[in-house]
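What follows is each chain in one-letter form.
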Amino acid sequence: MEVEILEAARQISEGKCVAVPTETVYGLAASIALDEAISLLYKLKKRTHSKPTTIAIDKMDQLDHLTTNLPPFTLELAKAFWPGPLTLVLPANLNTVPERIRGKCDTVGIRIPNHPDLLSLLSITGPLALPSANPSGEKPPISMQEVEEYYSTQFPVLYGGNSELKVASTLIQYIDGKWTLLRKGALTTKKISNIIGYEPVAK
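Residues numbered from 1 in each chain as written. Predicted model: local features only at pLDDT ≥ 70, side-chain atom pairs only at ≥ 80, totals over all residues. Heavy atoms only, no water.

Visitor: In this structure, what is going on with the overall build of the chain? I would like to understand it.
Guide: Looking only at helices and strands, one finds eight helices and ten strands in the chain. Taken over the C-alpha trace, the chain has a radius of gyration of 16 Å; the compact-globule value for 203 residues is 17 Å, and the two agree within 12%. Counting the 203 residues in the chain, one finds 51% classified as buried. The long-range fraction of contacts in the chain, counting pairs at least 24 apart against all pairs at least 6 apart in sequence, stands at 63%. Per element, the accessible surface of the chain, about 9400 Å² overall, is 52% carbon and sulfur. Averaging the locations of the 21 positively and 21 negatively charged side chains of the chain gives two centres separated by 7 Å. (Helix = DSSP H or I, 4+ residues; strand = E, 2+ residues; numbered from the N terminus. Rg over C-alpha atoms; globule rule 2.2 N^0.38 Å. Buried < 20%, exposed > 50% of the residue type's maximum accessible area, 1.4 Å probe, protein only. Contact = heavy atoms within 4.5 Å. Areas by Shrake-Rupley, 256 points an atom, 1.4 Å probe, with all protein chains shown as cover. Lys, Arg positive; Asp, Glu negative; His and termini not counted. Charge placed at Lys NZ, Arg CZ, Asp CG, Glu CD.)

Structure below.
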């Protein structure tokens, strides 16, 4: 069920989940401030609560509220690739990022997505929990139709066309003094190396 930006914001403020477009794949958005919304998100995803989920923001200065002790090159990476398909796993501010979103870790994955409709929504709602809009183990959806195949035609979807990149964001974390690749994605490690001086690799 297609909804407009203001309606999507209203439903999110009421603790509901809304599927939203990004340049990578469609995501499942929920308020990080509402415990019932996070519970619903994990239920829809069929996801264990030990697994963290990412947060989407629309302004870099929101990092100050959600993180602490930023690793080297964090701001340089953010300025180079945000908005865009890079998720940075950073030390979380434990007072502002709910434990359930962190999966009981002390870190949180954050990015600014590159989609105008989602950025408009984020400017109203503030930071949102935003994993991909698929049940665990299923293929991430790249269209409204694929979202509705998972959650029914009555599920609220902020329609934004088909996803441009059709692959998840690249995920990196600073571990043992180096940026480490956690998930290959739309952004190449070669481009990351232009900022940090080396290509992040998986441990």
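Visitor: Is there a simple way to explain the pattern of salt bridges in this structure?
Guide: Pairs can form between side chains of opposite charge whenever their charged atoms are close. Summed over all chains, the structure comprises eight salt bridges. Here Glu 23 and Arg 111 are joined by a salt bridge, their closest N and O atoms 2.7 Å apart. Taken together, the positions of Glu 23 in the loop between β2 (18–20) and β3 (27–31) and Arg 111 in strand β6 (residues 107–111) put the pair 88 residues apart, joining distant regions of the chain. Arg 111 shares its class with Glu 23; the two are buried. The salt bridge involving Arg 100 is made with Asp 35; its shortest N-O contact spans 2.9 Å. Taken together, the positions of Arg 100 in helix α5 (residues 99–102) and Asp 35 in helix α2 (residues 35–45) put the pair 65 residues apart, joining distant regions of the chain. (Salt bridge = Lys/Arg side-chain N within 4 Å of Asp/Glu carboxyl O.)

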